[in-house]
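Inside the fold
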Amino acid sequence: MKAHRNLSPRQEALAERNLCVAVAALKTADEVRAFFRDLCTPAELQAMADRWAVVDHLKRGMPYREIHRLTGVSVTTIGRVARFLGNGNGGYEVAAQRLEEARRDPASPKRSETKHSEPKRAEATRHG
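Residues numbered from 1 in each chain as written. Predicted model: local features only at pLDDT ≥ 70, side-chain atom pairs only at ≥ 80, totals over all residues. Heavy atoms only, no water.

A few words now on the overall build of the protein. Along the protein, the regular secondary structure elements total 6 helices and 0 strands. From first element to last, N terminus to C terminus, the protein shows the α and β order α-α-α-α-α-α. Split into buried and exposed, the 128 residues of the protein put 16% on the buried side. Of the contacts formed within the protein by residues at least 6 apart in sequence, a portion of 49% connects residues at least 24 apart. Surface exposure of the protein reaches about 10100 Å², of which carbon and sulfur atoms provide 54%. (Helix = DSSP H or I, 4+ residues; strand = E, 2+ residues; numbered from the N terminus. Buried < 20%, exposed > 50% of the residue type's maximum accessible area, 1.4 Å probe, protein only. Contact = heavy atoms within 4.5 Å. Areas by Shrake-Rupley, 256 points an atom, 1.4 Å probe, with all protein chains shown as cover.)

Time to look at the pattern of salt bridges. One pass over the full model with this rule turns up 6 salt bridges. Arg 103 serves as the salt-bridge partner of Glu 100, at 3.7 Å between the closest nitrogen and oxygen. Remark: Arg 103 and Glu 100 occur in helix H6 (residues 91-104); sequence separation between them is 3 residues, near one turn of the helix. Since its relative accessible area comes to 34%, Glu 100 is described here as partly exposed. (Salt bridge = Lys/Arg side-chain N within 4 Å of Asp/Glu carboxyl O.)

On average, the protein scores 86 in pLDDT, and the residues at 70 or more come to 80%. Confidence drops under a pLDDT of 50 for residues 113-128, and excluding neighbours within four residues, the segment shows 17 contacts in the predicted structure. (pLDDT = per-residue confidence, 0-100.)

Looking at where His 57 falls in the secondary structure, it is placed in helix H3 (residues 42-59). Here Arg 60 takes part through its side chain, which lies 3.0 Å from a polar atom of the side chain of His 57. (Polar contact = N/O pair within 3.5 Å; in protein donor to acceptor, adjacent residues only side chain to side chain.)

Val 54, Val 55, Leu 58, Met 62, Ile 67, Val 73, Ile 78, Val 81, Ala 82, Leu 85 and Ala 96 together form the largest nonpolar core, which totals 11 residues. If you list the elements that add at least two residues to this core, you get H3 and helix H5 (75-87). Here this core gets 4 residues from one element, more than from any other, and that element is H5. Other than its neighbours up to four places away in sequence, Ala 82 contacts Leu 58 and Tyr 64. (Core = buried A, V, L, I, M, F, W, Y, C linked by side-chain atoms within 4.5 Å.)

Under the defined criterion, the tally for this structure stands at 2 aromatic pairs. Each ring, one from Phe 35 and one from Phe 36, has its centre 6.3 Å from the other, and the planes form 40°; the classification is tilted. Classification of Phe 35 as partly exposed rests on a relative accessible area of 24%. With relative accessibility at 24%, the residue Phe 36 sits in the partly exposed group. Measuring from centroid to centroid gives 6.3 Å for Trp 52 and Tyr 92, while their planes differ by 25°, and the two rings are stacked. (Phe/Tyr/Trp six-rings, centres within 6.5 Å; stacked < 30°, edge-to-face > 60°.)

This part covers helix H2 (residues 29-39). Helical periodicity: at 3.6 residues per turn, an α-helix aligns residues three or four positions apart in one direction. Every buried residue belonging to H2 is among Asp 30, Glu 31 and Arg 37, and all of these are buried. Projected onto a plane normal to the axis of H2, the buried residues spread over an arc of 130° and lie on a single side. On the buried face of H2, the contacting elements are H3. (Arc of directions from axis to C-beta.)

With that settled, the discussion passes to H3. Its 18 residues give H3 an end-to-end C-alpha distance of 27 Å, which sits within 8% of 26 Å, the value for a rise of 1.5 Å per residue. Looking at H3, one finds that the buried residues are Val 54, Val 55, His 57 and Leu 58. Those residues of H3 that are buried lie in contact with helix H4 (64-71), H5 and H6. (Expected span 1.5 Å × (residues − 1).)

Shown next, in the form of structure tokens:
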């Protein structure tokens, strides 16, 4: 993580927690997408999407080279994701488990739909 000279470790931890609370407060995938597109550069967003794209393949035991062939994600990134999937903070596992539960339970609310319409903008102004 990038160190800020003017922030104490406690302040940095609080800033990270506030970001997590903001993401958790969003109700739909569309809201999260809009937030991430405002927050992240296209390269940052692509890096996160690449990492997430390999999780399911890794969980199924697919070889790194095959994952690379299917996704285009570098073997180095795949290895990094595998390391955190096995010995990280548990975030990949929780997210994957929740998605699997949602797929199995068709009565669960559709979190990909927004409750109110998103403002119309030219696609050229959007990332991705």
